[in-house]
Amino acid sequence: MSNSSGGPSYRKHTSRIRHLDAARAAQLVKLFARPVIVNEQGAADDSRDPVTQATRGWLTLERAAAHDPAGPPVVGHYSTHLYLHEVIRMPLSVAWELSQHRGHLYLDKLEDITDSVAEELGKHVGGGLSLNNLRSLSVPAAQSLGRHAGELSLNRLSSLGADQALGLAHHTNELYLWGIKQLSAVAAAGLSQHRGDLMLDGLVSLSGRIAAHLAYHRGRLHLHGIAGLSDAVAEAFGRREGFLCLKHLETLPASHARLLATHKGPLFLGNVELDESAAEFLGQHEGSLSLTVQDDIGILGLEAILQHAGPLTFAGLETIDERRAHALANQPVRHGVAGLSALFLDDVDEISPQIAAILATHQAGGLSLKGLWDLTEDTAQELVRHPMLCL
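Computed from a predicted model, the values in this text were never measured in an experiment.

### Regarding the overall build of the chain
And step 1. The helix and strand inventory of the chain stands at 16 helices and 18 strands.
And step 2. The principal-axis extents of the C-alpha atoms in the chain amount to approximately 70 × 55 × 40 Å.
And step 3. Scored against the burial criterion, the 391 residues of the chain give a buried share of 48%.
And step 4. Within the chain, contacts between residues at least 6 apart in sequence are counted, and of these 44% link residues at least 24 apart.
And step 5. In the form shown here, the chain has an accessible surface area of approximately 18800 Å², with 50% of it arising from carbon and sulfur atoms.

### Some points on the packing of aromatic side chains
And step 1. This model, assessed by the stated rule, comprises three aromatic pairs.
And step 2. Measuring from centroid to centroid gives 4.6 Å for tyrosine 83 and tyrosine 106, while their planes differ by 15 degrees, and the two rings are stacked. Placement of the pair is tyrosine 83 in strand β5 (residues 80–83) and tyrosine 106 in strand β6 (residues 103–106), with a sequence separation of 23 residues. Comparing tyrosine 83 with tyrosine 106 shows no difference in burial state: the two are buried.
And step 3. Of note, arginine 220 hangs over the ring of phenylalanine 243, and the distance from its end group to the ring centre comes to 3.9 Å.

### Quick notes on the pattern of salt bridges
And step 1. According to the stated counting rule, one finds nine salt bridges in the structure shown.
And step 2. For the salt bridge of glutamate 111 with arginine 135, the shortest nitrogen-to-oxygen distance reads 3.6 Å. A residue pair is termed long-range when its members are at least 10 positions apart, and glutamate 111 in the loop between β6 and α5 (115–121) and arginine 135 in the loop between β7 (129–130) and α6 (139–145) qualify at 24 residues.
And step 3. Salt-bridge contacts for glutamate 382 lead to arginine 385; the nearest nitrogen and oxygen are separated by 3.3 Å.
And step 4. The partly exposed category is assigned to glutamate 382, whose relative accessible area is 22%.

### As for a negative patch on the surface
And step 1. On the surface, Glu318, Asp347, Asp349, Glu350 and Asp374 cluster together to form a negatively charged patch.
And step 2. Mapped onto the fold, glutamate 318 is located in the loop between β15 (312–315) and α14 (322–329).

### Notes on helix α10 (residues 231–238)
And step 1. Listed as buried for α10 are Val233, Ala234, Ala236, Phe237 and Gly238.
And step 2. Buried residues in α10 make contact with α9 (208–214), β11 (221–222), β12 (244–246) and α11 (254–260).

### Quick look at the nonpolar core
And step 1. Judged by nonpolar contacts, the single largest core of 102 residues is most densely connected at Leu98, Leu177, Leu223 and Phe314.
And step 2. Each residue touching leucine 98, except ones within four places of it in the same chain, is listed here: Leu20, Ala25, Val29, Leu82, Leu84, Met90, Leu105, Leu107 and His124.

### Re the pairing of strand β14 (residues 289–292)
And step 1. Relative to β14, strand β13 (residues 267–269) runs parallel, the two sharing two bridges. If you follow leucine 267 over to β14, its bridge partner there is leucine 289.
And step 2. In the classification by handedness, the crossover that spans β13, the intervening helix α12 (residues 276–282) and the parallel β14 is right-handed.
And step 3. Pairing of β14 with β15 involves four bridges; the strand directions are parallel. For serine 290, the partnering residue across the bridge sits in β15 and is threonine 313.
And step 4. In the classification by handedness, the crossover that spans β14, the intervening helix α13 (residues 299–305) and the parallel β15 is right-handed.

### Looking at the side chain of histidine 101
And step 1. Following the sequence through the fold, histidine 101 ends up in the loop between α4 (92–98) and β6.
And step 2. Using a relative accessible area of 1% as the deciding quantity, one classes histidine 101 as buried.
And step 3. Reaching out from histidine 101, the side chain makes a polar contact with the backbone oxygen of histidine 104 at a distance of 3.4 Å.
And step 4. If we ignore the near neighbours within four places in the chain, the residues touching histidine 101 are Val29, Phe32, Thr80, Leu82, His124 and Val125.

### Quick word on the pairing of β15
And step 1. Of the two faces of β15, the one lined by Leu312 and Phe314 is fully buried and the one lined by Thr313 and Ala315 carries no buried residue.
And step 2. Bridge count for β15 against strand β16 (residues 341–344) is two bridges, and the pairing is parallel. Within β16, the residue paired with threonine 313 across the bridge is phenylalanine 344.
And step 3. Note on the crossover from β15 through α14 to β16: the handedness is right-handed.

Calculation notes
Residues numbered from 1 in each chain as written. Predicted model: local features only at pLDDT ≥ 70, side-chain atom pairs only at ≥ 80, totals over all residues. Heavy atoms only, no water. Helix = DSSP H or I, 4+ residues; strand = E, 2+ residues; numbered from the N terminus. Buried < 20%, exposed > 50% of the residue type's maximum accessible area, 1.4 Å probe, protein only. Contact = heavy atoms within 4.5 Å. Areas by Shrake-Rupley, 256 points an atom, 1.4 Å probe, with all protein chains shown as cover. Phe/Tyr/Trp six-rings, centres within 6.5 Å; stacked < 30°, edge-to-face > 60°. Lys NZ or Arg CZ within 6 Å of the ring centre and 35° of its normal. Salt bridge = Lys/Arg side-chain N within 4 Å of Asp/Glu carboxyl O. Patch = residues over 30% accessible without salt bridge, like charges linked within 9 Å, V, L, I, M, F, W, Y side chains within 5 Å. Lys, Arg positive; Asp, Glu negative; His and termini not counted. Charge placed at Lys NZ, Arg CZ, Asp CG, Glu CD. Core = buried A, V, L, I, M, F, W, Y, C linked by side-chain atoms within 4.5 Å. Pairing = 2+ DSSP bridges. Right-handed = clockwise from strand over helix to strand, strands pointing away. Polar contact = N/O pair within 3.5 Å; in protein donor to acceptor, adjacent residues only side chain to side chain.

And the structure:
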């Protein structure tokens, strides 16, 4: 159980386990338990512990602190990762023990589970639950897993009935359903009631009716498999209020940009082909807008998009000349109040002092230039004039 650096390779060890009984499952849960202890310096943290460090600081606070008269109070648990990728059977007694784990639980070899096991796993708290090899889900199992308190991943499910969708809709955190290639209208209506992040990246096309149901979803909606929109789908998403990610959308004609521009909330688009008319419509969108542009985007298209008054992210924009700098600096002030918007130009890796001086006059809000790798003193002196700079 040691890696090349001499420390324990817990993930490698647990990922080889194929069979568990209740006693061994209890031992694993105890081995990976990392209670959060508060002392005079704050939350105690052992920097030499690879299990704790793998959590990257994520922890779950307990509703009531556990108190041991002989020691400091336990206020929560680090969300440790328990990888059991080769476990092929899940007896109810083992499910009960594993549900006590306070951290991420990966059971990605299970092809099926009983309703009773699903009920126990649904009680797991303090981290995500990954069941990425389940091929089907009964209605009671969907209802139980829908009550799970953390991230839920079911990426091998290829279909979802209306009742299963309604069961999962009670879930309120990230729900991964990448394996769904087709979705019925009734299932889409059920999933629209979900209130967490919903990942349906396996869908490559949508009907207007399906899109109309998904548009009512009030969590963060990810549809990374969609490459193009129909008029009906663009119109449906134009009525949506909330986060919408279409990062692999390839084309967006002006007619669809006009419909999509009425969407309200964060809108993420990929490297879409835009003409000046489509850019002008996107400039009317309300809410944050993130898109990938070609570095050779024309100045008229850039100026049109920059009429967008909310936070604006330009991926792919690597070079800035004086004309572009003036256009970027003139981003409109949102609702007449300076500081409410933002401009993210994190793919720009180098600018001159002259360009920096122009960008420093930007007043709409924050200015992010995290991609700059080399700053001369003259350039830095100009940039720091911006009141909300992020490097």
